[in-house]
Amino acid sequence: KKTSSWKKIRNIVHWSPFIQQFKRHRYPWIQLAGHQGNFHAGDPGAVLKKYDPREQKAFVSLMKDILRPYVPEYRGMVSKNADQYLQLQDLLCEFDSPCVMDIKMGTRTYLEEELLKAREKPKLRKDMYQKMVEVDPSAPTVEEHKLQAVIKPRYMQWRDEMSSSVDLGFRIEGIKKMDGASSKNFKKTKTRNEVKEALSTFVSHNQTLLGKYIRRLKAILVTQEESEFFKSHELIGSSLLFVHDKSNNANVWMIDFGKTEPLPSDVTVNHRSTWQEGNHEDGYLFGLDNLLSILKELESSSSPAE
């Protein structure tokens with residue numbers, strides 16, 4: 001039954017995050033990125049994430065930064081089946097049948113270097129064209145329809161503009177409820193009201209959860225504004241992972257640093273200004289400001305949890 005259930009989930013769910021239950025371990029763990037095969041069960045209390053040099057470098061720096069309490073603990077490199085993995089803290093160990101939400105932060109999900117490389121050596125992607133037309137058949141240009149392909153930055157820019165990323169500085173990637181039901185239908189969740197409704201559903205109008213999430217996010221924001229790591233890096237495609245369970249145990253962590261790059265020595269960012277090519281602004285704090293504002297609105301309008 002476990003094998004059958006897992007195959008069903010694997011075939012249906014293609015977003016971040018989702019839960020896997022392994023026979024060898026009695027604890028669930030979460031896939032923190034949307035790429036199949038990137039994760040394996042590690043030691044009890046840990047997960048293995050496929051090695052990425054940029055992410056490994058970020059974690060080494062974060063372990064020495066004041067942001068350390070707000071990211072998964074990095075426990076070094078591990079070899080498995082001739083592949084290299086980062087061993088990270090399992091963020092779900094202390095939760096019972098957790099409800100999980102992945103929110104991708106920032107106003108863009110592509111690095112400036114990706115735009116430059118695409119201009120120099122454009123590579124057509126038929127898979128991304130298919131994803132585009134599945135959501136909006138009118139989105140591709142006449143030329144893209146003819147080629148039945150798009151370049152990656154074009155797809156990613158369209159994806160950001162279609163969602164709430166550009167306007168609000170964050171977007172909901174996916175939600176898994178306590179009963180195991182999963183949803184990835186947030187690609188067109190764009191307006192403030194639509195996002196607000198999705199967040200309200202996630203917390204089930206529970207003021208206790210809202211209060212805990214708001215306090216944690218405020219702590220993250222204040223720490224980010226003082227963090228040397230945050231000041232000196234461009235965070236692209238990074239997410240906030242929200243987790244709670246029926247006992248109102250709740251927490252939030254910063255995750256996914258595969259596109260986190262040190263800033264050029266002559267560049268400073270405030271993570272709130274509008275991005276223009278060359279200024280390296282990512283909009284992370286612009287998004288966190290908006291996310292906190294919406295959650296506070298929900299808290300003021302929600303009835304006390306039973």
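Conventions and cut-offs
Residues numbered from 1 in each chain as written. Predicted model: local features only at pLDDT ≥ 70, side-chain atom pairs only at ≥ 80, totals over all residues. Heavy atoms only, no water. Axes fitted to C-alpha atoms, helices over the stretch in contact; angles between N-to-C directions. Helix = DSSP H or I, 4+ residues; strand = E, 2+ residues; numbered from the N terminus. Left-handed = near helix turned anticlockwise from the far one by under 90°. Contact = heavy atoms within 4.5 Å. Nonpolar A, V, L, I, M, F, W, Y, C, P; charged D, E, K, R; others polar. Phe/Tyr/Trp six-rings, centres within 6.5 Å; stacked < 30°, edge-to-face > 60°. Buried < 20%, exposed > 50% of the residue type's maximum accessible area, 1.4 Å probe, protein only. Pairing = 2+ DSSP bridges. pLDDT = per-residue confidence, 0-100. Arc of directions from axis to C-beta. Polar contact = N/O pair within 3.5 Å; in protein donor to acceptor, adjacent residues only side chain to side chain. Core = buried A, V, L, I, M, F, W, Y, C linked by side-chain atoms within 4.5 Å. Patch = residues over 30% accessible without salt bridge, like charges linked within 9 Å, V, L, I, M, F, W, Y side chains within 5 Å. Areas by Shrake-Rupley, 256 points an atom, 1.4 Å probe, with all protein chains shown as cover. Salt bridge = Lys/Arg side-chain N within 4 Å of Asp/Glu carboxyl O. Lys, Arg positive; Asp, Glu negative; His and termini not counted. Charge placed at Lys NZ, Arg CZ, Asp CG, Glu CD.

Q: Would you take a moment to explain the packing of helix α8 (residues 192-203) against helix α11 (residues 284-301) for this structure?
A: Two measures define how a pair of helices packs: the angle their axes make with one another and the distance between the axes. Following both chains from N to C, one finds α8 and α11 inclined at 60°, their axes separated by 10 Å at the closest point. Between α8 and α11 lies a crossing whose hand is right-handed. Here R192, V195, K196, L199 and S200 of α8 lie close against α11, whose contacting residues are N290, L291, S293, I294, L295, E297 and L298. Split into classes, the residues belonging to the contact of α8 with α11 amount to six nonpolar, three polar and three charged.

Q: Can you help me understand the environment of A149 in this one?
A: Looking at the element boundaries, A149 is found in the loop between α5 (142-147) and β9 (150-151). The spatial distance from the C-alpha of A149 to the C-alpha of M132 is 9.6 Å, given a sequence separation of 17 residues. Among residues more than four places away in sequence, those in contact with A149 are L124, R125, K126, Y129 and E144.

Q: Explanation requested: the packing of aromatic side chains in the structure shown.
A: The geometry of an aromatic ring pair is captured by the separation of the ring centres together with the interplanar angle, meaning the angle of the planes. Counted under the stated rule, the structure contains nine aromatic pairs. With centroids separated by 6.0 Å and ring planes inclined at 25°, the aromatic side chains of F202 and Y213 adopt a geometry described as stacked. Linking F202 in helix α8 with Y213 in helix α9 (residues 207-226), this pair joins segments that are eleven residues apart in sequence. Neither residue differs from the other here; F202 and Y213 are each classed as buried. Put simply, the rings of F59, Y74 and F257 pair up and form one aromatic cluster.

Q: Can you help me understand the sheet that holds strand β6 (residues 83-89) in this one?
A: Note: strands within a sheet are paired through backbone hydrogen bonds, in either parallel or antiparallel orientation. What the four strands build is an open sheet, ordered β3-β4-β6-β5; its pairing is antiparallel. Edge positions in the sheet fall to β3 (39-41) and β5 (74-80), since each of these pairs with one other strand and no more. Direction aside, the axes of adjacent strands within the sheet are offset by 35° on average. One ladder, built from five bridges, connects β5 with β6; its direction is antiparallel. Bridging from a neighbouring strand, K80 pairs with D83 of β6.

Q: Would you mind going over the confidence of the model for the protein chain with me for this structure?
A: Low-pLDDT portions of the prediction should not be read for the details of their coordinates. In the predicted model, the protein chain carries a mean pLDDT of 86, and 86% of its residues have values of at least 70. Below a pLDDT of 50 lies the segment residues 1-33, which in the model reaches 88 contacts outside its immediate sequence neighbourhood of four places, other chains included.

Q: Looking at this structure, I do not really get helix α2 (residues 53-62). What am I missing?
A: Working note: α-helix, 3.6 residues per turn, so residues spaced by three or four point in the same direction. When we look at burial in α2, the residues that qualify are E55, Q56, A58, F59 and L62. The buried residues of α2 occupy an angular sector of 160° when projected down its axis, which confines them to one face. On the buried face of α2, the contacting elements are β4 (46-50), β5, β6 and α10 (228-231). For α2, the capping residue at the N-terminal end is D52, with a side-chain oxygen 3.0 Å from the backbone nitrogen of R54.

Q: Help me understand the nonpolar core, please; the structure alone is not making it clear to me.
A: For soluble globular proteins, nonpolar side chains are generally found buried alongside one another. L199, L217, L240, F242 and L291 are the most contacted members of the largest nonpolar core, which totals 49 residues. Excluding its chain neighbours within four sequence positions, the residues that come into contact with F242 are C99, V100, M101, I103, F202, Y213, L217, N251, V252 and L291.

Q: Help me out: how do you make sense of a positive patch on the surface in this one?
A: A grouping of K212, R215, K218 and K296 is seen on the molecular surface, where their side chains present a positively charged patch. Mapped onto the secondary structure, K218 falls in helix α9. What makes K218 partly exposed here is its relative accessible area of 40%.

Q: When you look at the sheet that holds strand β7 (residues 99-105) in this model, what are you seeing that I'm missing?
A: Read across the open sheet, the five strands follow the order β11-β10-β7-β13-β14; overall the sheet is antiparallel. The sheet is open, and its two edges are formed by β11 (182-183) and β14 (250-255), each paired on a single side. Judged from the six bridges that link them, β7 and strand β13 (residues 239-244) form a sheet pairing that is antiparallel. Bridged to M101 within β13 is F242. Across the sheet, α11 is in contact with β7, β10 (170-176), β13 and β14; its angle to β13 comes to roughly 30°.

Q: Explain unusual backbone geometry to me, please; I cannot follow it from the model alone.
A: Excluding glycine, residues mostly carry a negative phi; peptide bonds, for their part, are mostly trans. Of note, H205 is a non-glycine position whose phi angle comes to about 55°, a positive value. Tracing the backbone through its elements, the reader meets H205 in the loop between α8 and α9. Residues other than glycine seldom take positive phi values, yet H271 does so here, at roughly 65°. Looking at the secondary structure, you find H271 in the loop between β15 (260-262) and α11.

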